[in-house]
Amino acid sequence: MTCIAKKCGIRFQPPSVILIYKEEDKTRRRIMPVRNFSQFSDCGIAAEQLKNNPRHKAYLEGVSLRQLKKLHSLLRGHLRGESLAESLKKTQQEETIDPEEDMNKLDDKELAKRKSIMDELFEKNRKKKDDPDFIYDIEVEFPQDEQLESCGWDVDSCEEV
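Residues numbered from 1 in each chain as written. Predicted model: local features only at pLDDT ≥ 70, side-chain atom pairs only at ≥ 80, totals over all residues. Heavy atoms only, no water.

## Concerning the overall build of the protein
And step 1. Per the secondary structure count, the protein includes 5 helices and 3 strands.
And step 2. In the protein, the succession of helices and strands from N to C terminus is β-β-β-α-α-α-α-α.
And step 3. Computed over its C-alpha atoms, the radius of gyration of the protein comes to 24 Å, more than 25% above the 15 Å expected for a compact globule of 161 residues.
And step 4. By its C-alpha atoms, the protein is 80 × 40 × 30 Å across when sized along the principal axes.
And step 5. Split into buried and exposed, the 161 residues of the protein put 22% on the buried side.
And step 6. Look at the contacts in the protein between residues 6 or more apart in sequence, and 38% of them connect residues 24 or more apart.
And step 7. Of the roughly 13100 Å² of accessible surface on the protein, a fraction of 49% belongs to carbon and sulfur atoms. (Helix = DSSP H or I, 4+ residues; strand = E, 2+ residues; numbered from the N terminus. Rg over C-alpha atoms; globule rule 2.2 N^0.38 Å. Buried < 20%, exposed > 50% of the residue type's maximum accessible area, 1.4 Å probe, protein only. Contact = heavy atoms within 4.5 Å. Areas by Shrake-Rupley, 256 points an atom, 1.4 Å probe, with all protein chains shown as cover.)

Here it is in structure tokens:
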């Protein structure tokens, strides 16, 4: 049984994760109820429990844990009384990285979260050998506005040799 996940979403009433997947040339829908989840629950733990649940494990292999966490945070925002737009905006802020932020001041958990976001963004933008617009050796000429100054430290060492 090979399941290929196509879409993953959430339903607020009753709280459940909905997965659209393809199995043997048929498109199917699986509704997985989210039990014992409240507005105070940890989204990461709930997402891991759902992904590791023996009944749903085979279906959720193609769905990343990050996406399940995001869906659970949308559900938690709904349980807190936030609108969908507010919840989406809040999760978008959590997913973006401020380039001006000093990451030396973050604790280990937040730093690991930021690094995983950066890794995911890198993998998404990375050019692979199989990509149609992949070029093996790119040479770029950078424009020079000013004349380059020569460094004195390397001139003396060349004359001594």
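## Examining the pairing of strand S3 (residues 26-33)
And step 1. In the sheet, strand S2 (residues 16-23) pairs with S3 via 8 bridges, with the strands oriented antiparallel. Bridging across to S3, Leu19 finds its partner in Arg30.
And step 2. If you look at the hairpin formed by S2 and S3, you'll find 2 residues sitting between the two strands, and Glu24 has a positive phi there, around 50°. (Pairing = 2+ DSSP bridges.)

## Remarks on unusual backbone geometry
And step 1. Residue Gln13 is joined to Pro14 through a cis peptide bond whose omega torsion reads -15°.
And step 2. Looking at the element boundaries, Pro14 is found in the loop between strand S1 (4-11) and S2.
And step 3. We note that Glu24 has phi near 50°; this positive angle belongs to a residue other than glycine.
And step 4. Positionally, Glu24 belongs in the loop between S2 and S3.
And step 5. Residue Glu24 is classed as exposed on the basis of its relative accessible area, which comes to 66%.
And step 6. The backbone phi angle of Asn36 is positive, close to 55°, even though this residue is not glycine.

## Side note on the pairing of S1
And step 1. Summarising the sheet, S1 and S2 pair through 7 bridges and their orientation is antiparallel. Directly across from Ala5, in S2, lies its bridge partner Tyr21.
And step 2. What sits between the antiparallel neighbours S1 and S2 is a turn of 4 residues.

## Brief notes about the nonpolar core
And step 1. Membership of the largest hydrophobic core comes to 18 residues, with the highest contact counts inside it found for Cys8, Val17, Leu19, Leu60 and Leu68.
And step 2. Residue assignment for this core shows that the elements contributing at least two residues are S2, helix H1 (43-52) and helix H2 (65-79).
And step 3. Residues within four places of Leu68 in sequence aside, it is in contact with Cys8, Val17, Ala47, Leu50, Lys51, Leu60 and Val63. (Core = buried A, V, L, I, M, F, W, Y, C linked by side-chain atoms within 4.5 Å.)

## Points about the domain arrangement of the protein
Interfaces are often sized by the accessible area lost when the parts come together.
And step 1. Parsing the protein into structural domains produces domain 1 (4-96) and domain 2 (100-128).
And step 2. In this structure, domain 1 and domain 2 have C-alpha centres spaced 22 Å apart. (Domains from an automatic or database assignment.)

## Topic: the sheet that holds S3
And step 1. Judged by pairing direction, the sheet is antiparallel, and its 3 strands sit side by side in the order S1-S2-S3 without closing on themselves. Across the chains shown, the open sheet's two edge strands, defined by having one partner strand only, are S1 and S3. Averaged over all neighbouring strand pairs, the angle between strand axes comes to 20°, with direction disregarded. (Axes fitted to C-alpha atoms, helices over the stretch in contact; angles between N-to-C directions.)

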